[in-house]
Amino acid sequence: MILVDVRTPGVHIKRPLTVFGFDDAPHGHAEVTFENVCVPAKNIILGEGRGFEIAQGRLGPGRLHHCMRLIGVAERGMHMMVQRAVSRRTFGKLIAQHGSFLSDMAKCRIELEKTRLLVLEAADQLDRHGNKKARGILAMAKVACAEYGTEGA
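Residues numbered from 1 in each chain as written. Predicted model: local features only at pLDDT ≥ 70, side-chain atom pairs only at ≥ 80, totals over all residues. Heavy atoms only, no water.

Q: Can you help me understand the overall build of the protein in this one?
A: The secondary structure content of the protein amounts to 3 helices and 6 strands. Secondary structure elements of the protein occur, N-terminal to C-terminal, as β-β-β-β-α-β-β-α-α. Over its C-alpha atoms the protein spans a radius of gyration of 21 Å, topping by over 25% the 15 Å that the globule rule assigns to 153 residues. Taking the principal axes of its C-alpha atoms as reference, the protein extends roughly 70 × 35 × 20 Å. The burial tally for the protein puts 23% of its 153 residues in the buried class. Summarising the internal contacts of the protein: among those between residues at least 6 apart in sequence, 59% fall at separations of at least 24. Within the structure as shown, the protein displays about 10700 Å² of accessible surface, and the carbon and sulfur contribution to it stands at 59%. Of note, the protein has its 22 positive side-chain charges centred 3 Å away from the centre of its 16 negative side-chain charges. (Helix = DSSP H or I, 4+ residues; strand = E, 2+ residues; numbered from the N terminus. Rg over C-alpha atoms; globule rule 2.2 N^0.38 Å. Buried < 20%, exposed > 50% of the residue type's maximum accessible area, 1.4 Å probe, protein only. Contact = heavy atoms within 4.5 Å. Areas by Shrake-Rupley, 256 points an atom, 1.4 Å probe, with all protein chains shown as cover. Lys, Arg positive; Asp, Glu negative; His and termini not counted. Charge placed at Lys NZ, Arg CZ, Asp CG, Glu CD.)

Printed below as a string of structure tokens:
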């Protein structure tokens, strides 16, 4: 891996990219092209041939950040579900007054809180013990968020 200043000739930021629908421009992800870019060898991070090591070291903490985003998206979804349930009627009563809705809402809330607690524990272990020792809980948080994001929400 190598550090490249965005002001270097030949570096072109084509467009910002969204993550889970969020636009973090100008600080977030972007599509970047490099055309005949020259960078000094001193900009190599950790040394030649260590890029994979660096990338692997960032996967845990980086993905945990996305887990946190997904928790926020799920929370927003819960709020939208409630707003819809108290404003629409089916079979003569508000959706919120149906027992099946309340049961489904409770299940969603339980899954969201379970996932949130796992992510918080992973973040705590990451802060206290570092990436390598927190690897197991980070993996669990990533799996739980992915499952909740596709099944629970």
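Q: Explain the pattern of salt bridges here, please?
A: Where charged atoms of side chains with opposite charge meet at close range, the side chains can pair. For the structure shown, the criterion picks out 9 salt bridges. R109 is the salt-bridge partner of E75, the closest N and O atoms lying 2.7 Å from each other. Here E75, found in helix α1 (residues 51-85), pairs with R109, found in helix α2 (residues 99-129); they are 34 residues apart in sequence, far enough to count as distant. For E75, a relative accessible area of 27% translates into the label partly exposed. Here R109 falls in the partly exposed class, since its relative accessible area comes to 28%. For R116, the salt bridge identified is with E113, shortest N-O distance 3.2 Å. Of this pair, R116 and E113 both sit in helix α2, 3 residues apart, which is roughly one turn of the helix. Taking relative accessible area as the criterion, E113 reaches 29% and is therefore assigned partly exposed. (Salt bridge = Lys/Arg side-chain N within 4 Å of Asp/Glu carboxyl O.)

Q: Is there a simple way to think about a nonpolar patch on the surface in this case?
A: A cluster of nonpolar side chains, namely V6, I13, V32 and F34, defines an oily patch on the protein surface of about 380 Å² accessible area. Relative to the helices and strands, F34 resides in strand β4 (residues 30-34). Given the relative accessible area of 51%, F34 is considered exposed. (Patch = residues over 30% accessible without salt bridge, like charges linked within 9 Å, V, L, I, M, F, W, Y side chains within 5 Å.)

Q: Can you walk me through α2 in this structure?
A: Spanning 31 residues, α2 covers 45 Å between terminal C-alpha atoms, matching the ideal 45 Å at 1.5 Å per step. For α2, the set of buried residues is F101, M105, C108, L112, T115, V119, A122, A123 and L126. Once α2 finishes, G130 follows within two positions and takes phi at roughly 90°, a positive value. (Expected span 1.5 Å × (residues − 1).)

Q: So what exactly am I meant to see when it comes to the side chain of T8 here?
A: Locating T8 in the fold gives a position in the segment before β1 (11-16). A polar contact is formed between the side chain of T8 and the backbone oxygen of D5, at a distance of 2.8 Å. Setting aside residues no more than four positions away along its own chain, T8 makes contact with V37 and C38. (Polar contact = N/O pair within 3.5 Å; in protein donor to acceptor, adjacent residues only side chain to side chain.)

Q: Honestly, unusual backbone geometry in this entry has me stumped. Any pointers?
A: Where the residue is not glycine, phi is negative for most of them; where a peptide bond is considered, it is trans in most cases. With a phi angle near 65°, L46 is a residue other than glycine that sits in the positive phi range. Turning to its location among the elements, L46 is positioned in the loop between β4 and α1. With a phi close to 50°, F91 is a non-glycine residue in the positive phi region. Position of F91 relative to the elements: it lies in the loop between β5 (89-90) and β6 (93-94).

Q: I tried to follow the nonpolar core on my own but got confused; where do I start?
A: Generally speaking, a soluble globular protein has its nonpolar side chains buried in company with each other. With 22 residues, the main nonpolar core has L64, L112, V119, A122, L138 and C145 as its most contacted residues. Of all the secondary-structure elements, those providing two or more residues to this core are α1, α2 and α3 (135-152). Counting residues per element, this core draws most heavily on α2, at 8 residues. Ignoring anything within four residues of it in the chain, the contact list for C145 reads C67, L70, I71, T115 and V119. (Core = buried A, V, L, I, M, F, W, Y, C linked by side-chain atoms within 4.5 Å.)

Bear in mind that shape data such as this cannot, by itself, settle questions of function.
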